[in-house]
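What follows is each chain in one-letter form.
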Amino acid sequence: MDPLEDVLALLDTRGRLSVSLAAGGDWAVRFAPPPEVKFNAVRRGSCRLEVDGVPEPVLLAEGDCYLLTRERAFTLSSGPDVAPVAAGPLFARAENGVARTGSGDDVLLLGSRFTFNSRARALLLDSLPPVIHIPAGTSQAETLHWALSAIDRELRHRDLGATLVSEHLAIVMLVHVLRLYLAGEPDTRTGWLAGLADPAVAAALTSIHRDPVRPWTVSELARSASVSRSTLAERFRKAVGRAPQEYLTEWRIELAAKRLLQGDETVSAIARTVGYGSESALSTAFKRVTGTSPRDYRRQAGGRCDARTPSGGTTATAVGSAAFDRQG
């Protein structure tokens, strides 16, 4: 797999289709900070998006989509200077999967939410700006609209395999948003994803992800990227925000963290699997990165999983279930 596929697989991504929002006339809806990544598509009409901490509003036209990657309050409205209503009570009164505000239904928004049940969520989300706007007419927007329509049909008709199809379509939407971000202007990209847009850094990341057990040196990674050692070190740190060997350590720890939750492997066995010669070597690196030991991490995370699954079952890995949710 390539680095993006690796990270998305590790994140245990879950998608849920939200209740739609229909509005008309003068209207405004204020949303509390979403605990998950929020996605919306404007199916009809136009509106205005204002996100706390983002200086300029985003004007959304019919066919536009956007992704909110931070836990920040936001407002959707017909325009400025309209007193907003709270989203919570409005969506609690939704009927037939649609919440309504204002007068009429000139505007229709359909959306979903993504959750990431992994320590590695920061690796992906911290690389993204608070808002990613996908204008109508782009190939990515067309694919996103197709995926949303297909999810809607699958979950309403509940044909055989509907949940599985919806799960994967949700990831299709997310991947296309990330592709659009990577295809943007170089100066607008920062963080780990920016590294995937730099050919030399992407080659080094691919080498690390292909063989994380190997004791990579910067010189070896530079040869895999066909650049000098100093060039790779500079470009890698500028794009990813850390040195190549720091990233290698952190990626190994992410892999170890997931294995600690997936089964009953001993810490010694996991250490060998992710590139450490002994349990003590893994424990030292793990505590340096996470602030806790592998055994304590497994125990603490296991308690949280038990709280979420009273029957004692394990939570799903990879893509989780997609379903309608009464959050906007």
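Given the structure is predicted, the values throughout are model-derived calculations rather than measurements.

Draft legend 1. Representation of the sheet that holds strand β3 (residues 28-31) within the structure. If you walk across this open sheet you meet the five strands as β6-β5-β8-β3-β9, and the pairing is mixed. With partners counted over all chains shown, the strands left at the sheet margins are β6 (58-60) and β9 (85-86), one partner each. Bridge analysis of β3 against strand β8 (residues 74-77) gives four bridges, and the strand direction is antiparallel. The partner of Ala28 across the bridge, within β8, is Ser77.

Draft legend 2. Fine view of the pattern of salt bridges. On inspection of all chains with the given rule, the structure shows eleven salt bridges. Residue Arg113 is joined to Glu36 by a salt bridge in which the shortest nitrogen-to-oxygen separation is 2.5 Å. Note that Arg113 is positioned in strand β11 (residues 107-116) and Glu36 in the loop between β3 and β4 (37-44), a separation of 77 residues in sequence. Of the residues examined, Arg113 reaches a relative accessible area of 5% and is grouped as buried.

Draft legend 3. Highlighting the confidence of the model for the protein chain. In this model, the protein chain carries an average pLDDT of 83, and 86% of its residues clear a pLDDT of 70 or more. Counting interchain partners and residues more than four positions distant, the pLDDT-below-50 stretch residues 305-324 has 35 contacts.

Draft legend 4. Focus on the packing of aromatic side chains. Per the counting criterion, the structure on display carries four aromatic pairs. Geometrically, the ring pair formed by Phe31 and Phe74 is stacked, given 4.5 Å between the ring centres and 5° between the ring planes. Residue Phe31 is located in strand β3, and its partner Phe74 is located in strand β8; the two are separated by 43 residues in the primary sequence. Like Phe31, the residue Phe74 is buried in the burial classification. Between Phe31 and Phe91 the ring centres are 5.7 Å apart and the planes differ by 55°, which places this aromatic pair in the tilted class. Highlighted residues: Phe31 in strand β3 and Phe91 in helix α2 (residues 87-92), separated in sequence by 60 residues. Through successive ring pairs, a cluster of aromatic residues spans Phe31, Phe74 and Phe91. Arg252 extends its terminal NZ or CZ atom over the ring of Tyr276, reaching a point 5.3 Å from the ring centre.

The rules behind each value
Residues numbered from 1 in each chain as written. Predicted model: local features only at pLDDT ≥ 70, side-chain atom pairs only at ≥ 80, totals over all residues. Heavy atoms only, no water. Pairing = 2+ DSSP bridges. Helix = DSSP H or I, 4+ residues; strand = E, 2+ residues; numbered from the N terminus. Salt bridge = Lys/Arg side-chain N within 4 Å of Asp/Glu carboxyl O. Buried < 20%, exposed > 50% of the residue type's maximum accessible area, 1.4 Å probe, protein only. pLDDT = per-residue confidence, 0-100. Contact = heavy atoms within 4.5 Å. Phe/Tyr/Trp six-rings, centres within 6.5 Å; stacked < 30°, edge-to-face > 60°. Lys NZ or Arg CZ within 6 Å of the ring centre and 35° of its normal.

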